[in-house]
Amino acid sequence: MVHLGVEMSAFNKYKKEAIDKINELIQDMEERERDPLGHSICLYFLLKSDLSSPQIDDLVDWMNSWVNRIVNNIQFGRFMDREIVSALFGYYLLRKFNKLKIKVNEENISKLITKDIIKNGLYFGDPLYSSLILISIYNFNEQESLNDVVLKTLREVMFKSNFFNDAKRLIFVSILLEEMGDRSRLEKLVKLCEKRVLEEGVRFDDGVYYAWILWQYKHFTNRFFRIFDFVRNTLQNAQVFLGLEELERETVEFYGKPVHPKFSKIWVSVYVNLISNFESFEPDIAPVTFSFIRKKMMVSRR
């Protein structure tokens, strides 16, 4: 592992603090019922980071029971849209990370995803929901024709400027494009994110989401060192918010119990995964050569 001139012990500290915070946030049973989608997304990034804790293990068990309730038993609460999306995405992530402990009646998936839930060409009329559902059911052949309807609409909207207003959309549409092997659209999306970050600027609370995309798909950029600095600075600056006093839940009704007015359990889990990816990075060239090139490029930009 090459540390690229960065004091990695500080990032280890940031990661530990973030993990402690997320373990605290996900252990509230009532909050899971109120925000199943937030917890499913959070669990995805925690498992993707190869993390384990009693709280995460308990969330895995809860997610299995949630999938059983929604997919197998088709029992809904007050918010059918987010409950369906969270259960389908939960089923996907449990299979992906080998955490599925129940037998799922896959025929019920087609009963949950009907034309009735398509609005304006998207599942529940929402790009984020559509991305999550398409990721979840991409390998189900019986949904192929229905996927095409939503996928066509999603492809039409994903490059429009207002699509970038919710940075979480960008993460999941990029994951969808990667899973589908749609390299050209993925590269275009990454380039637009790069331009927004380096030339236009993004809101600070969106920085972690943009940093995740640019670091995950850094092979698409030819401005690596600027992306490297952006990611490093984002991680360093964002950690100060983890210790702030929590606000009332209603300020982030949909995305769960906040850590900051614009930060949620989803934000923290993405932050943890970004640190994990950043600290494990190994360049393809020798460390001495890498450091020399980086210093030269820094001087040339002055």
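About the thresholds
- Residues numbered from 1 in each chain as written.
- Predicted model: local features only at pLDDT ≥ 70, side-chain atom pairs only at ≥ 80, totals over all residues.
- Heavy atoms only, no water.
- Helix = DSSP H or I, 4+ residues; strand = E, 2+ residues; numbered from the N terminus.
- Buried < 20%, exposed > 50% of the residue type's maximum accessible area, 1.4 Å probe, protein only.
- Phe/Tyr/Trp six-rings, centres within 6.5 Å; stacked < 30°, edge-to-face > 60°.
- Lys NZ or Arg CZ within 6 Å of the ring centre and 35° of its normal.
- Salt bridge = Lys/Arg side-chain N within 4 Å of Asp/Glu carboxyl O.
- Contact = heavy atoms within 4.5 Å.
- Axes fitted to C-alpha atoms, helices over the stretch in contact; angles between N-to-C directions.
- Parallel < 35°, antiparallel > 145°, perpendicular 65-115°, else oblique.
- Left-handed = near helix turned anticlockwise from the far one by under 90°.
- Expected span 1.5 Å × (residues − 1).

A. Structural detail: unusual backbone geometry. Non-glycine residue aspartate 50 carries a positive phi angle of around 60°. Its location among the elements puts aspartate 50 in the loop between helix H3 (36-48) and helix H4 (54-72). Overall, the relative accessible area of 70% leaves aspartate 50 in the exposed class. In this structure, asparagine 120 takes a positive phi of about 55° despite not being glycine.

B. Spotlight on the packing of aromatic side chains. Under the counting rule described, the total for this entry stands at 20 aromatic pairs. Here the aromatic residues Tyr44, Phe45, Phe89, Tyr92, Phe97, Phe172, Trp212 and Tyr217 are joined through ring pairs into a cluster of three or more. Here the basic side chain of arginine 95 rests over the ring of tyrosine 91, its NZ or CZ set 4.4 Å away from the ring centre. Note that lysine 188 overlies the ring of phenylalanine 159, its terminal NZ or CZ placed 4.3 Å from the centroid.

C. How the structure looks around helix H11 (residues 207-216). Most of H11 sits out of view: 9 of its 10 residues are buried. Looking only at H11, the buried set comprises Gly207, Val208, Tyr209, Tyr210, Ala211, Trp212, Ile213, Leu214 and Trp215.

D. Molecular detail of the pattern of salt bridges. Under the defined criterion, the tally for this structure stands at 20 salt bridges. Its salt-bridge partner being arginine 69, residue glutamate 33 comes within 3.0 Å of it at the nearest N-O pair. Of the two residues, glutamate 33 sits in helix H2 (residues 29-34) while arginine 69 sits in helix H4, which places them 36 residues apart along the sequence. Residue arginine 223 pairs with glutamate 199 through a salt bridge whose shortest N-O separation is 3.5 Å. Pair noted here: arginine 223 is in the loop between H11 and helix H12 (224-238) and glutamate 199 is in helix H10 (residues 183-200), with a separation of 24 residues, a long-range link. Residue glutamate 199 is classed as exposed on the basis of its relative accessible area, which comes to 52%. Each of Glu30, Glu31, Arg34, Asp35 and Lys265 takes part in a single network of salt bridges with overlapping partners.

E. Focus on the side chain of serine 130. Positionally, serine 130 belongs in helix H7 (residues 127-137). Sequence-distant contacts of serine 130, that is, excluding residues within four places in its chain, are made with Leu122, Tyr123 and Val150.

F. Representation of the packing of helix H9 (residues 167-180) against H10. Between H9 and H10, the least distance of the axes is 9 Å, while the angle of their chain directions is 155°. When the axis of H9 is compared with that of H10, the two are roughly antiparallel. Helix-helix and strand crossings are classified by hand; for H9 and H10 the assignment is left-handed. Counting all contacts with H9, which are made through Leu170, Val173, Ser174, Leu177 and Glu178, the residues of H10 involved are Arg185, Leu186, Leu189 and Cys193.

G. Here's a closer look at the environment of valine 268. When you line up the elements, valine 268 lands in helix H13 (residues 265-279). Between the C-alpha atom of valine 268 and that of isoleucine 19, which follows or precedes it by 249 residues, the distance is 8.2 Å.

H. Highlighting H13. Taking 1.5 Å as the rise per residue, H13 with 15 residues should run 21 Å; its terminal C-alpha atoms sit 21 Å apart, in good agreement. Taking burial as the measure, the 15 residues of H13 include 14 buried ones, the bulk of the element.

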